[in-house]
Amino acid sequence: MKVYFIGAGPGDPELITVKGKRVIESCGYCIYAGSLVNKEILNYCRKDTKIYDSASMALEEIITVMEEAKEKNIDVARLHTGDPSIYGAIQEQMLELDKRDIDYEVIPGVSSFLAAAAALKQELTLPGVSQTIIITRIEGRTPVPETEKLETLSKTKATLCIFLSVKEIKRVTDILKPAYGNDCPVAIVYKASWKDEKIITSDLGNVVDATIQNGIKRTAIIIVGNVLSRNFEYSKLYDKHFKHSHRN
Ligand code: SAH
């Protein structure tokens, strides 16, 4: 018996790994994060699979279901949105499973920031512009360590992928403007890869109004950085003077 933490991907039910899908098909229990995982993914479950929505469950209840599965020797598919390692709250689940000697495995998934980049048809690491991607969020109920405050990160001028923060878009842009400048391009991708996906492309000076006008308050990634202006040097990778073997 095993618990499988599976990255369900950003929304599109085809954006799950082959392995993730195969494991869902084989599990007798499925616990999915109902607020963000696309319910169409549940179609991969067997007809007799017991399905739980973790949106209304406390950690203890989730663990109790996993313990019950262990008693019955039934595998559990634990579905998290995007990739489970990013704001997935999986560590505490794994710790509780360790205490109970329940075996588990993590199967990665396509994170929503990658689906957002795909929706924008955008490379996030353009030569001569930025070679660094920062995944972060603004402080909410979960505190952000002092050394990782958006003010501090903004000094890098790296490409920022900001999760869980679109409701605070004004605060985000106010913090970023001094370092990135009013003209720095910003993209907001709402429900990347879902049928009702929405994309806003703007700049730090104007994105707040655009976001409010479009009624976007949740389930969006904010991407900030000059990569979005697509003013860059061509990569050395396909340069005819560059040997591919040098890339590692
Ligand atoms: N583990 C997830 C993130 C979970 S935190 C991942 O790897 O994507 C939840 C936040 O993820 C949301 O507030 C939003 O910022 C982002 N998010 C999740 N799904 C999204 C989607 N389809 N499009 C845009 N943002 C999404």
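For clarity, every value in this text was computed on a predicted model and none was experimentally measured. Note that residues are indexed from 1 along each chain, following the sequence as it is written. Given that this is a predicted model, residues contribute local features only at a pLDDT of at least 70 and side-chain atom pairs are listed and counted only at 80 or more, while totals for whole chains, interfaces and linings are drawn from all residues. In computing side-chain properties, one takes all heavy atoms of the structure into account and sets aside hydrogens as well as water.

1. Re the packing of aromatic side chains
- Note on aromatic contacts: the rings of Phe and Tyr and the six-membered ring of Trp form a pair at centre separations within 6.5 Å, being stacked when their planes are under 30 degrees apart, edge-to-face when over 60 apart, and tilted otherwise. Scanning the entire structure with this criterion turns up five aromatic pairs.
- The interplanar angle of 55° and the centroid separation of 5.4 Å between the aromatic rings of Tyr87 and Phe163 together place this pair among those described as tilted. You can see Tyr87 sitting in the loop between strand E4 (76-80) and helix H3 (91-99) and its partner Phe163 sitting in strand E7 (residues 159-163), a full 76 residues away along the chain.
- Three labels apply to residues, based on accessible area from a 1.4 Å probe with only protein chains included: buried if under 20% of the type maximum, exposed if over 50%, partly exposed otherwise in between. When its relative accessible area of 8% is taken as the criterion, Phe163 is described as buried.
- Here the aromatic rings of Phe113 and Phe163 are separated by 6.2 Å at their centres, their planes lie at 65°, and the arrangement is edge-to-face. The secondary structure listing takes helices from DSSP runs of H or I that are at least 4 residues long and strands from runs of E that are at least 2 residues long, numbered from the N terminus.

2. Things to note about a nonpolar patch on the surface
- Together, Tyr87, Ile133, Ile135 and Leu164 make up an exposed nonpolar region whose accessible area comes to about 340 Å².
- Looking at the secondary structure, you find Leu164 in the loop between E7 and helix H6 (169-180).
- A residue is classified by how much of its surface remains accessible, and Leu164, at 52% relative accessible area, is exposed. A patch is a set of surface residues, each over 30% in relative accessible area and not in a salt bridge, joined within 9 Å for like charges and within 5 Å for the nonpolar side chains Val, Leu, Ile, Met, Phe, Trp and Tyr. The method behind every accessible area is Shrake-Rupley, applied with a 1.4 Å probe, and residues are considered shielded solely by the protein chains displayed. Counted as salt bridges are all cases of a side-chain nitrogen of Lys or Arg within 4 Å of a carboxyl oxygen of Asp or Glu.

3. Observations regarding the domain arrangement of the protein chain
- For the protein chain, the assigned domains are domain 1 (3-107) and domain 2 (112-229).
- Between the C-alpha centres of domain 1 and domain 2 there is a distance of 29 Å.
- We call two residues in contact when some of their heavy atoms are within 4.5 Å. Across the contact, 12 residues belong to domain 1 and 14 residues belong to domain 2.
- Sorting the residues of domain 1 by area buried against domain 2 places Pro10, Ile86 and Tyr87 first, and these three jointly supply 57% of that buried surface.
- At the boundary of domain 1 with domain 2, the tally comes to one salt bridge.
- One salt bridge connects Glu40 with Lys195, and the closest N-O pair in it is separated by 3.5 Å.
- Classifying every residue of the side of domain 1 that touches domain 2 by side-chain character gives six nonpolar, four polar and two charged. How far each domain reaches was decided by an automatic or database domain assignment. Once two parts are brought into contact, the accessible area they lose, counted with a 1.4 Å probe and summed over both, makes up the buried area. Ten residues, namely Ala, Val, Leu, Ile, Met, Phe, Trp, Tyr, Cys and Pro, are considered nonpolar, four, namely Asp, Glu, Lys and Arg, are considered charged, and the remaining ones, Gly among them, are considered polar.

4. Thoughts on the site of the ligand
- Taken together, 18 residues lie near the ligand, and Ile86, Ser111, Ser112, Ala192 and Ala220 sit nearest.
- For the purposes of these results, a polar contact is taken to be a pair of N or O atoms within 3.5 Å, where, inside protein, one atom must be able to donate a hydrogen and its partner to accept one; residues adjacent in sequence count only when each atom of the pair is a side-chain atom. One nitrogen or oxygen atom from the main chain of Ile86 is found 2.7 Å from a nitrogen atom belonging to the ligand.
- Measuring from a nitrogen atom of the ligand, one finds a backbone N or O atom of Lys191 at 3.4 Å.
- Broken down by class, the residue content of the shell around the ligand amounts to 11 nonpolar, five polar and two charged. Here a residue is considered near a molecule or strand provided that any single heavy atom belonging to it is located within 4 Å of it.

5. What to know about H6
- Taken residue by residue, H6 has Ile169, Val172, Thr173, Ile175, Leu176 and Tyr180 as its buried positions. For H6, the angular spread of buried residues about the axis comes to 165°, placing them on one side.
- Among the structural elements, helix H5 (150-154), E7, strand E8 (185-190), helix H7 (207-213) and strand E10 (220-224) are those in contact with the buried residues of H6.
- Looking at the residues trailing H6, positive phi occurs at Gly181, about 85°. This arc corresponds to the set of directions leading from the helix axis out to the C-beta atoms.

6. Quick look at the nonpolar core
- The term nonpolar core refers to a set of buried residues drawn from Ala, Val, Leu, Ile, Met, Phe, Trp, Tyr and Cys, joined through side-chain atoms within 4.5 Å. Within the largest apolar cluster, 25 residues are counted, with the highest numbers of intra-cluster contacts made by Leu150, Leu160, Ile162, Leu176, Ile188, Ile222 and Val224.
- When residues no more than four places from it in sequence are discounted, the contact partners of Ile222 are Leu160, Cys161, Ile162, Ser165, Val166, Ile169, Val172, Val186, Ala187 and Ile188.
- One finds Ile6, Ala8, Ile24 and Tyr44 within the second-largest nonpolar core, a separate group that totals 18 residues.

7. Comments concerning the pairing of E8
- Counting buried residues in E8 gives five out of six residues, a clear majority hidden from the surface.
- Bridge count for E8 against strand E9 (residues 198-203) is six bridges, and the pairing is antiparallel. Bridge assignment links Val186 to a residue of E9, and that residue is Ser202.
- Two strands pair under a simple rule: DSSP has to find at least two bridges between them. Strand direction decides the pairing type here: E8 and E10, joined by five bridges, are antiparallel.

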